[in-house]
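Inside the fold
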Amino acid sequence: MRLNGIKNICERYQEHEEAHFSLMKLYAKMGDSKLVTKQYRNLTKVLAEELSIEPSNYIKEWYEQNIIRRVNNNHP
């Protein structure tokens, strides 16, 4: 239920960074870095198109530390 609730918030309030971030963290807990990346890209796109801004620094840093480094470490 929590996952679906957060997805609904992301769909209704596309500029709501915290909802996207919560969904990214849930996907990360599930071990699905592809869905995390997809959600991050969706957030980045929406914020750029609607508000001409980037995601908050703490979200970018979390994404880099938890997803990009993990993916890079798994590929020689």
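Everything below is about the structure printed above this text.
Here the structure is a predicted model, which means the values were calculated and not measured. By convention here, each chain's residues receive numbers from 1 onward along its written sequence. Reporting of local features is limited, given that this is a predicted model, to residues whose pLDDT is at least 70; pairs of side-chain atoms are given and counted only at 80 or more, and all residues count toward the totals for whole chains, interfaces and linings. Based on all heavy atoms of the structure, the side-chain values leave hydrogens and waters out of the count.

1. So, the overall build of the protein chain
Within the protein chain one finds four helices and zero strands. Think of it this way: any DSSP run of H or I at least four residues long counts as a helix, any run of E at least two long counts as a strand, and we number them from the N terminus. Each helix and strand of the protein chain, ordered N terminal to C terminal, gives the series α-α-α-α. Taking 11 Å as the expected radius of gyration for a compact globule of 76 residues, we find that the protein chain reaches 12 Å, a close match to that expectation. Here the C-alpha coordinates of the protein chain stretch approximately 40 × 30 × 15 Å along the principal axes. We call two residues in contact whenever any of their non-hydrogen atoms come within 4.5 Å of each other. Counting contacts in the protein chain only where the partners sit at least 6 residues apart, residues at least 24 apart contribute 48% of the total. The accessible surface values rely on the Shrake-Rupley method and a 1.4 Å probe; as for residues, cover is taken only from the protein chains in view. For the protein chain, the computed accessible surface area is about 5,500 Å², with 47% contributed by carbon and sulfur atoms. Two residue types count as positive, namely Lys and Arg, and two as negative, namely Asp and Glu; His and chain ends fall outside the count. Note that the charge is assigned to NZ on lysines, CZ on arginines, CG on aspartates and CD on glutamates. Across the protein chain, the 12 positively charged side chains and the 10 negatively charged ones have centroids separated by 9 Å. The globule rule used for comparison is 2.2 Å times the number of residues to the exponent 0.38, while the radius of gyration itself is calculated over C-alpha atoms.

2. Structural notes on the pattern of salt bridges
We count a salt bridge whenever a side-chain nitrogen from Lys or Arg sits within 4 Å of a carboxyl oxygen from Asp or Glu. Per the stated rule, a full pass over the model turns up one salt bridge. The shortest N-O distance in the salt bridge between Glu 54 and Lys 60 comes to 2.6 Å. Relative accessibility under 20% of the residue-type maximum defines a buried residue, over 50% an exposed one, and the middle range a partly exposed one, all with a 1.4 Å probe and only protein chains included. Looking at Lys 60, the relative accessible area reads 25%, which means it is partly exposed.

3. Quick word on the packing of aromatic side chains
Only Phe, Tyr and Trp rings are paired, with Trp represented by its six-membered ring, and only when their centres lie within 6.5 Å; those with planes under 30 degrees apart are stacked, over 60 edge-to-face, the remainder tilted. Enumeration over the complete set of coordinates arrives at three aromatic pairs. Between the aromatic rings of Phe 21 and Tyr 58, the centroid separation amounts to 5.6 Å while the plane-to-plane angle is 75 degrees, which identifies the pairing as edge-to-face. Of this pair, Phe 21 sits in helix H2 (residues 17-29) while Tyr 58 sits in helix H4 (residues 57-74); the two residues are 37 residues apart in sequence, bridging distant segments of the chain. Exposure remark for Tyr 58: the relative accessible area of 38% places this residue in the partly exposed category. Here the aromatic rings of Tyr 40 and Tyr 63 are separated by 4.0 Å at their centres, their planes lie at 5 degrees, and the arrangement is stacked.

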